[in-house]
Amino acid sequence: MSHLRCSVAGCATTLDLHDRALACPRCGELLEVVIDSPSGDASHLKRLWLGRRSSFDPRDASGVWRFREFLPLDYGAENTITLSEGNTPVVRGQKTAEWAGVRDLWFKHLGWNPTGSFKDLGMTAGMTEAKFAGATTVACASTGNTAASLAAYAARARVTGRVYLPAGQASNNKLAQALDFGAEVVEIEGSFDDALNQLLASKDPELYFLNSINPFRVEGQKTAMFELLERFDWRVPDYLVVPGGNLGNSSAFGKALEELKRFGFIERVPQIVIVQAAGANPLARMWEAGAKEITPVAKPETVATAIRIGNPRSWRKALHAVELSGGFVMDVTDEEIGEAKAMIGRDGIGCEPASATTLAGIRKLRAAGKLDRDVWIVAVLTGHALKDTDYISKQHERTKRELALAH
Ligand SMILES: *Cc1c(COP(=O)(O)O)cnc(C)c1O
Ligand SMILES: [Zn+2]
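Small disclaimer: the values here were computed from a predicted structure and weren't measured.

Caption draft 1: Structural view of the overall build of the chain. Along the backbone of the chain there are 14 helices and 13 strands. For a compact globule of 407 residues, the expected C-alpha radius of gyration is about 22 Å, and the chain comes in at 20 Å, within 12% of that figure. Principal-axis analysis of the C-alpha atoms places the extent of the chain at approximately 65 × 45 × 45 Å. Burial status across the chain gives 58% buried among its 407 residues. For the chain, the proportion of contacts with a sequence separation of at least 24, taken over those separated by at least 6, is 69%.

Caption draft 2: Focus on the domain arrangement of the chain. As assigned here, the chain comprises domain 1 (1-34) and domain 2 (90-114 + 219-396). Of the roughly 490 Å² buried at the junction of domain 1 and domain 2 (both faces included), carbon and sulfur atoms supply 57%. A salt bridge links Arg316 to Glu29, with the shortest nitrogen-to-oxygen separation between them at 3.2 Å. Counting across the domain 1 and domain 2 interface gives three residue pairs in polar contact (both at pLDDT 80 or more). Across the side of domain 1 that touches domain 2, the residue classes tally to three nonpolar, one polar and two charged.

Caption draft 3: Main features of helix 7 (residues 215-231). Of all 17 residues in helix 7, 16 are buried; the element is thus mostly enclosed. Of the residues trailing helix 7, Asp233 is marked for its positive phi of about 55 degrees.

Caption draft 4: Inspection of the sheet that holds strand 7 (residues 160-166) at higher detail. Pairing is parallel across the open sheet formed by four strands, whose spatial order is 8-7-6-9. Looking along the sheet, the strands with just one partner apiece sit at the ends: strand 8 (184-188) and strand 9 (207-209). When strand polarity is set aside, the average angle formed by the axes of neighbouring strands in this sheet is 25 degrees. Strand direction decides the pairing type here: strand 6 (residues 137-141) and strand 9, joined by three bridges, are parallel. Note on strand 9: the bridge partner recorded for Thr137 is Leu207. Strand contacts of helix 4 (residues 145-157): strand 6 and strand 7, with the helix running at about 170 degrees to strand 7, the strand carrying the most contacts.

Caption draft 5: Layout of the coordination of the zinc ion (ligand 2). On the protein side, the zinc ion (ligand 2) has Cys6 (SG), Cys11 (SG), Cys24 (SG) and Cys27 (SG) as donor atoms, found 2.2 to 2.3 Å from it. All donors of the zinc ion (ligand 2) belong to a single chain; written as a sequence motif, their spacing is C-x4-C-x12-C-x2-C. On the basis of relative accessible area, Cys27 is assigned to the partly exposed category, the value being 37%.

Caption draft 6: Quick peek at the pattern of salt bridges. Applying the stated criterion to the full structure yields 22 salt bridges. In this structure, the salt-bridge partner of Arg92 is Asp104, at a minimum N-O distance of 3.3 Å. You can see Arg92 sitting in strand 4 (residues 90-92) and its partner Asp104 sitting in strand 5 (residues 104-109), a full 12 residues away along the chain. Looking at Arg92, the relative accessible area reads 39%, which means it is partly exposed. A cluster of three or more residues bridged by salt bridges with shared partners is formed by Arg52, Asp57, Arg59, Asp60, Arg68, Glu69 and Asp74.

Caption draft 7: Just the nonpolar core, in detail. Residues Met127, Val138 and Leu240 are the most contacted members of the largest nonpolar core, which totals 80 residues. A per-element tally of this core places helix 4 first, with seven residues. Domain assignment of the residues forming this core places at least three in each of domain 1 (1-34) and domain 2 (90-114 + 219-396). Excluding residues that lie within four positions of it along the chain, Met127 makes contacts with Ile81, Val138, Leu150, Tyr153, Ala154, Ala157, Val159 and Leu210.

Caption draft 8: Molecular detail of the environment of Val273. Tracing the backbone through its elements, the reader meets Val273 in strand 11 (residues 271-277). Spatially, the C-alpha atom of Val273 lies 6.1 Å from that of Leu240, the residues being 33 residues apart in sequence. Residues contacting Val273, with those up to four places away along its chain left out, are Tyr239, Leu240, Val241, Val242, Phe328 and Met330.

Caption draft 9: Expanded view of empty space enclosed by the protein. Under the defined criterion, the tally for this structure stands at three cavities of 30 Å³ or more. As a volume, the largest cavity reaches approximately 310 Å³. Around the largest cavity sit 27 residues that line it, and Phe118, Lys119, Asn246, Ala306 and Ile309 are the ones nearest its centre. When contributions to the lining of the largest cavity are tallied by element, the ones reaching two or more residues are helix 4, helix 7 and helix 8 (248-262). Considering only residue class, the lining of the largest cavity consists of nine nonpolar, 15 polar and three charged.

Caption draft 10: Main features of unusual backbone geometry. With a phi close to 60 degrees, Arg158 is a non-glycine residue in the positive phi region. Note on placement: Arg158 falls in the loop between helix 4 and strand 7. A positive phi angle is found at Asp233, which is not glycine, with a value near 55 degrees. For Asp233, the location among the structural elements is in the loop between helix 7 and strand 10 (239-243).

Caption draft 11: Representation of the sheet that holds strand 4 in the model. The six strands lie next to each other as 4-5-13-10-11-12, forming an open sheet whose pairing is mixed. Only two strands of the sheet have a single partner each, and these edge strands are strand 4 and strand 12 (328-332). Within this sheet the neighbouring strands show an average axis-to-axis angle of 25 degrees, counted without direction. As paired strands, strand 5 and strand 13 (residues 376-381) are joined by six bridges and run parallel to one another. Bridge pairing in strand 13 links Trp106 to Val378. The sheet strands contacting helix 9 (residues 282-289) are strand 11 and strand 12, and the helix crosses strand 12 at an angle near 120 degrees. Relative to the sheet, helix 12 (residues 357-367) contacts strand 5, strand 10, strand 11, strand 12 and strand 13, its axis offset from that of strand 12 by approximately 100 degrees.

Reading the values: the criteria
Residues numbered from 1 in each chain as written. Chains lettered and ligands numbered in written order. Predicted model: local features only at pLDDT ≥ 70, side-chain atom pairs only at ≥ 80, totals over all residues. Heavy atoms only, no water. Helix = DSSP H or I, 4+ residues; strand = E, 2+ residues; numbered from the N terminus. Rg over C-alpha atoms; globule rule 2.2 N^0.38 Å. Buried < 20%, exposed > 50% of the residue type's maximum accessible area, 1.4 Å probe, protein only. Contact = heavy atoms within 4.5 Å. Domains from an automatic or database assignment. Buried area = accessible area lost by both parts, 1.4 Å probe. Salt bridge = Lys/Arg side-chain N within 4 Å of Asp/Glu carboxyl O. Polar contact = N/O pair within 3.5 Å; in protein donor to acceptor, adjacent residues only side chain to side chain. Nonpolar A, V, L, I, M, F, W, Y, C, P; charged D, E, K, R; others polar. Pairing = 2+ DSSP bridges. Axes fitted to C-alpha atoms, helices over the stretch in contact; angles between N-to-C directions. Donors = N, O, S within 2.8 Å, 3.2 Å for Na, K, Ca; no water. Core = buried A, V, L, I, M, F, W, Y, C linked by side-chain atoms within 4.5 Å. 1 Å grid on protein atoms, 1.4 Å probe; cavity = no way out; pocket = protein on both sides within 12 Å on 5 of 7 lines; lining within 4 Å. Points joined across faces, edges and corners; volume = space filled by probe spheres on them.

Below, the structure is given as structure tokens:
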């Protein structure tokens, strides 16, 4: 049976899969799901997963549950809380590739999920488990996208969704989604980190926590890697470039790749490159300094609000992912993010600011001579362009004025 285990290798504490603990009772570190060895060999499962794309079973129509042999549990078609998330395309970079100076650039666009961010991949798994566990109220702290996603899936599960947001810091679009889907919105003075601390301190036994430290969310997010590799017939890119905030996503990708390799689905893993915003860069700083622990950034500041996080909870897991893949961690300035975001827009793709850290990072690496022109790179775009329309309007105010004058 799949079960929970402490994510620290030396600790080895295990718990029942449905234990609601979010931290190891012995050492306090994060928990992770240990997946049973999947039944069926790799070539059989690869065929089965692809075949499910023509099925209307709600689990098969989901790009997450289609890969349920690598998820902790199959809850059955009736009990799976899904909005047909996943199944997002991979789009080739054109102007963006030229701009960054690379030949073989692809974007896996997780912003093209039901609520516009990759959070839906984890939320379907987390909400399905929450419902299974009998939860009636689910809660998260969020910079906006987790709130939008939780709100939608809570509505589908017919449970109360409650979201804690840093006041005045989430984009209006994300806040609007949470309200539209009927969540209770609690605004907290301070940063995302303060909101999360406040939520974790609340001892309400009725609350089911759905932050990314919830190990079921990590499981759902893993499937982005299954889809990506399936799309390329299980050939493995050289680099996988991912924005880093609370670092749940990069942790999930690392876990996926590690499991796929362990069970013989792939022979090697791509180098994972995590890109943080310079004003919210504790992991990049630690990497640069060769330190053993992160030093939280007390006042994280960046235009990329989805990654404005000073004390990322999943940093150990993410570091493990980087190390096992031979990758690295870096950061980019808000100005670099802005330029990259505008280029992704002009390539006809679009994304929210946090996602553009990837292209900004790639361009920066090329300019520094640290990346070969011919390598095969996949950048993960995490959020939809419409997630932060204020940012776009502001960025293009001058363009609008100039056009008005010219006509
Ligand atoms: C949540 C989010 C991130 C950061 O992901 P982490 O798992 O917290 O590192 C990046 N971009 C967008 C658009 C997000 O919503
Ligand atoms: Zn432990």
